[in-house]
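A look at the structure
One letter stands for each residue in the lines below.
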Amino acid sequence: MEFNVKKLASDAGVFFSRAMQFTEEKLGQAEKTELDAHFENLLARADCTKNWTEKILRQTEVLLQPNPSARVEEFLYEKLDRKVPSRVTNGELLAQYMTEAANDFGPGTPYGKTLIKVGETQRRLGAAEREFIHSASINFLTPLRNFLEGDWRTISKERRILQNRRLDLDACKARLKKAKAAEAKAALWSDEVEKAEHELRLTQTEFDRQAEVTRLLLEGISSTHVNHLRCLHEFVESQTNYYAQCYQFMLDLQKQLGSSKGEIFSGTFVGNADSSSPAAAPSPPAVAAATLPAVPTIPVVPTIVGVPNTVAEGVLNPNEVKPPASGTRKARVLYDYEAADSTELALLADEMITVYSLPGMDPDWLIGERGNQKGKVPVTYLELLS
């Protein structure tokens, strides 16, 4: 019990001495031991690394999980050392809704079929997003978090110890200075000088030892940068793969939807061949003036049972199609397009073709010509030039 009381009294005395030294330094009433320039640069570099690592970590977390409530939940699970529950991505949830809607509307209807196709693509996008988030969390977020919660805490602890050693050293220097000033007035103070010098030697040794420990830790920041650089490359690689997957999924979906448009509108505009009465073809859809120049109106022949309407049914015979006297335009192809049948024209990205529209055509399609080749092309794959 007596030992504990003496230790508490000693600790209180050390704390008071450090507090007095720190206060006097702030007021400019005491001298302060300065660290060398290299050491100060190491400290500044470490602080800079810590601050920017925190910002990059937090913003990457926001990028991967925009929902703040979900981020708080994941943080609590990690602190409780429990597995974070699997969460459905927005793309997977949208895919579920689209599939259920298709079942209600009828999976055999044009709208139902399209909902199923788009829903499947959304499911694949959601799965790719889940894989990207998992990869980024392991290969990028975890190393950054380990640095802040491990290496940086160790550095901070040793820096605090070094600060205390410096305060002790400067307090001893101050006491020695006072003892020498008193010794000049009376020889009775020689013992105090010797005691102060002994304490100064001890505190100087402890300070030097702690400064070396802290210096080694601060110099380790360079290896931390190397490690974070490797993690950054892995993050970029996983992000590149994710966006490449998304692009390919959407390109495949666009081709599927483009090849099915002719069938959808053919089934919408053409009368049933088993019907007892002929069905009249609808009036040709308007083409926006900003998209293509006006084409002279050509009368639309009504659909008669047994006599196919070439334009309305989407059946194109390149030998029968003649370009209008006016109304053709040049277009640049944005993406590769594989023709679904002989009525369509295959496209290569960045090539130039001539396009025009015919009355009664689906406004999402145009007639394209490349030399002696011609066929239907989807508008969404083109950039129309003036």
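These lines cover the structure that appears in this document, whether it is placed above or below. (Residues numbered from 1 in each chain as written. Predicted model: local features only at pLDDT ≥ 70, side-chain atom pairs only at ≥ 80, totals over all residues. Heavy atoms only, no water.)

Let us look at the layout of surface pockets. Considering only enclosed or pocket space, the largest pocket measures out at about 1,300 Å³ in volume. Taken together, 35 residues make up the lining of the largest pocket; nearest its centre are Glu 74, Glu 78, Val 84, Ile 133 and Ser 137. Of all elements in the fold, only α2 (37-64), α3 (68-79) and α5 (110-183) reach the threshold of two or more residues within the lining of the largest pocket. Tallied by class, residues from the lining of the largest pocket come to 13 nonpolar, 8 polar and 14 charged. (1 Å grid on protein atoms, 1.4 Å probe; cavity = no way out; pocket = protein on both sides within 12 Å on 5 of 7 lines; lining within 4 Å. Points joined across faces, edges and corners; volume = space filled by probe spheres on them. Helix = DSSP H or I, 4+ residues; strand = E, 2+ residues; numbered from the N terminus. Nonpolar A, V, L, I, M, F, W, Y, C, P; charged D, E, K, R; others polar.)

In the structure shown here, the tally under the stated rule is 17 salt bridges. Two residues, Arg 130 and Glu 92, come together in a salt bridge whose shortest N-O distance is 2.5 Å. Note that Arg 130 is positioned in helix α5 and Glu 92 in helix α4 (residues 90-105), a separation of 38 residues in sequence. (Salt bridge = Lys/Arg side-chain N within 4 Å of Asp/Glu carboxyl O.)

On to the packing of α2 against helix α6 (residues 190-219), then. Packed helices, taken two at a time, are described by the angle between their axes plus the distance between the axes. Interhelical geometry of α2 versus α6 gives an angle of 50° and a closest axis separation of 9 Å. In terms of orientation, α2 and α6 fall into the oblique class. The interaxial crossing formed by α2 with α6 has left-handed handedness. The segment α2 lies against α6, with His 38, Phe 39, Leu 42, Leu 43 and Ala 46 engaging Ala 211, Thr 214, Arg 215, Leu 218 and Glu 219. Tallied by class, residues from the contact of α2 with α6 come to 6 nonpolar, 2 polar and 2 charged. (Axes fitted to C-alpha atoms, helices over the stretch in contact; angles between N-to-C directions. Parallel < 35°, antiparallel > 145°, perpendicular 65-115°, else oblique. Left-handed = near helix turned anticlockwise from the far one by under 90°. Contact = heavy atoms within 4.5 Å.)

Attention shifts here to the packing of aromatic side chains. On inspection of all chains with the given rule, the structure shows 8 aromatic pairs. Here Phe 132 and Phe 235 contribute two aromatic rings whose centre-to-centre distance is 6.2 Å and whose plane-to-plane angle is 35°, an arrangement assigned as tilted. Highlighted residues: Phe 132 in helix α5 and Phe 235 in helix α7 (residues 221-269), separated in sequence by 103 residues. Given a relative accessible area of 9%, Phe 235 falls into the buried group. Centroid distance Tyr 337 to Tyr 381: 5.0 Å. Interplanar angle 70°. Geometry classified as edge-to-face. Taken together, the positions of Tyr 337 in the loop between β1 (329-333) and β2 (352-356) and Tyr 381 in the loop between β4 (373-378) and β5 (382-384) put the pair 44 residues apart, joining distant regions of the chain. (Phe/Tyr/Trp six-rings, centres within 6.5 Å; stacked < 30°, edge-to-face > 60°. Buried < 20%, exposed > 50% of the residue type's maximum accessible area, 1.4 Å probe, protein only.)

As a further point, take the side chain of His 228. Residue position: His 228 is located in helix α7. Filtering out sequence-adjacent residues up to four positions away, His 228 remains in contact with Thr 53, Pro 143, Leu 144 and Phe 147.

Counted at 1.5 Å a residue, the expected span for α2 with its 28 residues is 40 Å, and the 40 Å between its end C-alpha atoms agrees. Among all positions of α2, only Phe 39, Leu 42, Leu 43, Ala 46, Thr 49, Lys 50, Thr 53, Leu 57, Thr 60, Glu 61 and Leu 64 are buried. Taking the backbone nitrogen of His 38 as reference, a side-chain oxygen 3.1 Å away marks Asp 36 as the first, capping residue of α2. (Expected span 1.5 Å × (residues − 1). Polar contact = N/O pair within 3.5 Å; in protein donor to acceptor, adjacent residues only side chain to side chain.)

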